[in-house]
Amino acid sequence: MKYLANPTETKEVLRRFGFDTKKKYGQNFLIDENTVRKIVEKSGVTKEDCVLEIGPGIGTMTQILCENAKKVVAVEIDTGLIPVLEETLSGFENVTVINKDILKCDIGELAKEYNEGRPFKVVANLPYYITTPIIMGLLEEASDHIESLTIMIQKEVADRINAEPGTKDYGALTLAVNYYSEIKKVADVSASCFMPRPNVDSTVISLLVYMEKPVKVNDEKGLFKLIKAAFAQRRKTMINSVSAVTDHSKEEIKSALELIGKPENIRGETLSLQEFAALSDMLSVQKNNGM
Ligand code: SAM
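Things to note about the packing of aromatic side chains
In step 1: Tallied over the full model, the rule gives 5 aromatic pairs.
In step 2: Aromatic pair Y179 and Y180: ring centres 5.1 Å apart, planes at 85°, arrangement edge-to-face.
In step 3: A residue is classified by how much of its surface remains accessible, and Y179, at 2% relative accessible area, is buried.
In step 4: An angle of 40° between the planes, with centres 6.0 Å apart, marks the rings of F231 and F276 as tilted.

Looking at the site of the ligand
In step 1: Around the ligand sit 24 residues, and of these L30, G55, E76, D101 and Y129 come closest.
In step 2: For the ligand, whose unbound accessible area comes to 600 Å², protein coverage reaches 99%.
In step 3: Looking at the shell around the ligand, the elements that each hand over two or more residues are β1 (29-30) and β3 (71-76).
In step 4: Across the shell around the ligand, the residue classes break down as 12 nonpolar, 7 polar and 5 charged.

Details of helix α5 (residues 107-115)
In step 1: Listed as buried for α5 are I107, G108, L110, A111 and N115. The buried residues of α5 occupy an angular sector of 160° when projected down its axis, which confines them to one face. Opposite its buried face, α5 presents the exposed residues K112 and E113, each directed more than 90 degrees away.
In step 2: In this structure, the buried side of α5 is in contact with β2 (50-54), β3, β4 (95-99), β5 (120-125), α6 (131-142) and β6 (146-154).
In step 3: Near the N-terminus of α5, the side chain that reaches the backbone nitrogen of G108, with its oxygen 3.1 Å away, is that of D106.
In step 4: Of the residues flanking the end of α5, it is E116, one or two places downstream, whose phi is positive at about 50°.

A word on the pairing of β2
In step 1: Among the 5 residues of β2, 5 are classified as buried, and the element is accordingly described as predominantly covered.
In step 2: Across 5 bridges, β2 lies against β3 in parallel orientation. Looking at β3, one finds that C50 is bridged to K71.
In step 3: For the crossover from β2 across helix α3 (residues 60-68) to β3, the handedness is right-handed.
In step 4: Note that β2 and β5 share 3 bridges and pair parallel. Looking across to β5, one finds that E53 is bridged to V123.

Digging into the pairing of β6
In step 1: Of all 9 residues in β6, 8 are buried, a share of seventy percent or more.
In step 2: As defined by bridge partners, β5 adjoins β6 across 6 bridges and the pair is classed as parallel. Of the residues in β6, the one forming a bridge with V123 is T150.
In step 3: The handedness of the β5 to β6 crossover, carried by α6, is right-handed.
In step 4: Pairing of β6 with strand β9 (residues 202-209), which is carried by 7 bridges, proceeds in the antiparallel orientation. Across the sheet, T150 pairs through a bridge with S206, a residue of β9.

Describing the domain arrangement of the chain
In step 1: Under the domain assignment used here, the chain contains domain 1 (7-209) and domain 2 (220-288).
In step 2: With centres defined by C-alpha atoms, the gap from domain 1 to domain 2 works out at 35 Å.
In step 3: Opposite the 12 residues of domain 1 that make contact, domain 2 presents 13 residues.
In step 4: For the domain 1 and domain 2 pair, buried surface summed over both sides reaches about 930 Å², with 67% attributable to carbon and sulfur atoms.
In step 5: Three residues, Y170, L175 and Y179, lead the burial of domain 1 against domain 2; their summed loss comes to 54% of the area buried on that side.
In step 6: The tally of links between domain 1 and domain 2 comes to 0 salt bridges.

Some words on the sheet that holds β5
In step 1: The strand order β4-β3-β2-β5-β6-β9-β7 describes an open sheet built from 7 strands, whose pairing is mixed. Edge strands, defined here as strands with exactly one partner in the open sheet, are β4 and β7 (181-189). This sheet shows a mean twist of 20° between the axes of neighbouring strands, independent of strand direction.
In step 2: Each of β5, β6, β7 and β9 is contacted by helix α2 (residues 33-43), which is oriented at about 150° to β6, the strand it contacts most.

Some thoughts on a negative patch on the surface
In step 1: A cluster of acidic residues, E140, E141, D219 and E220, forms a negative patch at the surface.
In step 2: Take E220: it is sitting in helix α9 (residues 220-232).
In step 3: Since its relative accessible area comes to 37%, E220 is described here as partly exposed.

What counts as what
Residue positions within a chain follow its written sequence, with the count starting from 1. Where local features are concerned, this predicted model is filtered to residues with pLDDT of at least 70; where side-chain atom pairs are given and counted, the filter is 80 or more; whole-chain, interface and lining totals use all residues. To obtain the side-chain values, all non-hydrogen atoms of the structure were included, while hydrogens and water were left out. Only Phe, Tyr and Trp rings are paired, with Trp represented by its six-membered ring, and only when their centres lie within 6.5 Å; those with planes under 30 degrees apart are stacked, over 60 edge-to-face, the remainder tilted. Whether a residue is buried, partly exposed or exposed follows from its accessible area with a 1.4 Å probe, protein chains only, as a fraction of its type maximum: under 20%, in between, or over 50%, in that order. Residues are classed as near a molecule or strand on a simple rule: at least one heavy atom within 4 Å of it. Exposure was quantified through the Shrake-Rupley algorithm and a 1.4 Å probe, taking into account, for residues, occlusion by the shown protein chains and nothing else. Secondary structure elements follow DSSP: runs of H or I of four or more residues count as helices, runs of E of two or more count as strands, with numbering from the N terminus. In this classification, the charged set is Asp, Glu, Lys and Arg, the nonpolar set is Ala, Val, Leu, Ile, Met, Phe, Trp, Tyr, Cys and Pro, and all remaining amino acids, among them Gly, are polar. Read the arc as the range of directions from the helix axis to the C-beta atoms. Two residues form a contact once any of their heavy atoms are found within 4.5 Å. Under the rule applied, a polar contact is a pair of N or O atoms within 3.5 Å (in protein, one hydrogen donor and one hydrogen acceptor; residues adjacent in sequence only if both atoms are side-chain atoms). Should DSSP find at least two bridges between two strands, the strands are regarded as paired. With its strands directed away from the observer, a crossover is right-handed exactly when the path from the first strand over the helix to the second travels clockwise. Note that the domain bounds were set by an automatic or database domain assignment. A 1.4 Å probe defines the accessible area here, and the buried area is the portion of it lost by two parts on being joined, summed over both. Throughout this description, the term salt bridge denotes a Lys or Arg side-chain nitrogen within 4 Å of a carboxyl oxygen of Asp or Glu. The angle between two axes is taken between their N-to-C directions and runs from 0 to 180 degrees, where each axis is a line fitted to C-alpha atoms and a helix contributes only its stretch in contact. Like charges within 9 Å and nonpolar side chains (Val, Leu, Ile, Met, Phe, Trp, Tyr) within 5 Å are joined into patches, using only residues over 30% in relative accessible area that form no salt bridge. Residues counted as positive are Lys and Arg, residues counted as negative are Asp and Glu, and His and the chain ends are not counted. Charged groups are reduced to one reference atom each: NZ for lysine, CZ for arginine, CG for aspartic acid, CD for glutamic acid.

Encoded structure:
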């Protein structure tokens, strides 16, 4: 079998099918075999696993995933790539290609149909125009059906996911991803590993989805409302930003901050996930007590 993860083979397939890559779908295909193998290796996929690949493109990483996994379910939005994939993956019997938008897929249904209801390992070189909706959609809606995600994303988004409290990159995305998963950086990847070259830097990260969340809160929705409010106007104090967009009064927030040992002029960008959780619980206790 001819591996596609090199410039010659990729160009040849694109030429043969008369396929022009589409910017609107974030089509930057991998052309570096070492990078593809590294992503698959770091995903920890074995012959026991069913992989969900988002955006197989012409099948470059799918080939290596098929060699390493029990089964690969590859969801590709671009109908124009389906005949290409039929040919490039014709040597594999353990792959199913689904022509659909991943944001419209019911991951639980896919797990039932292809993996006896067990969770997938997600592996993907993600389309950069919808990185955050895909990550957040999978974590918020489908974390029960996903064991891990090993994904190539823009370096700028990886930096935001990995950020420490008090830094400019720290925000609602950092906290949300940390709530659902343990984050590890795998590698930075040069633009020369793609065709066409993207005009942003890329990073591979892995997210190991928690079976048990690192913090327990009375009201999960309330926690995320609080986090969103805190970062909607990140230069404001918690008291001002949270009271502006929630039904908590300045007095309530001040007293809740005091009870968790934080000063009244604190800003959200310095609070850890554990501190947001403590504040969220304190505010919900106050509300329930009619304060
Ligand atoms: N995996 C291939 C590779 O590494 O060479 C292609 C990666 S390319 C960065 C992103 C792929 O995702 C493209 O094939 C694109 O058509 C597909 N894609 C874009 N938006 C999508 C969506 N909403 N649902 C499923 N696939 C999508």
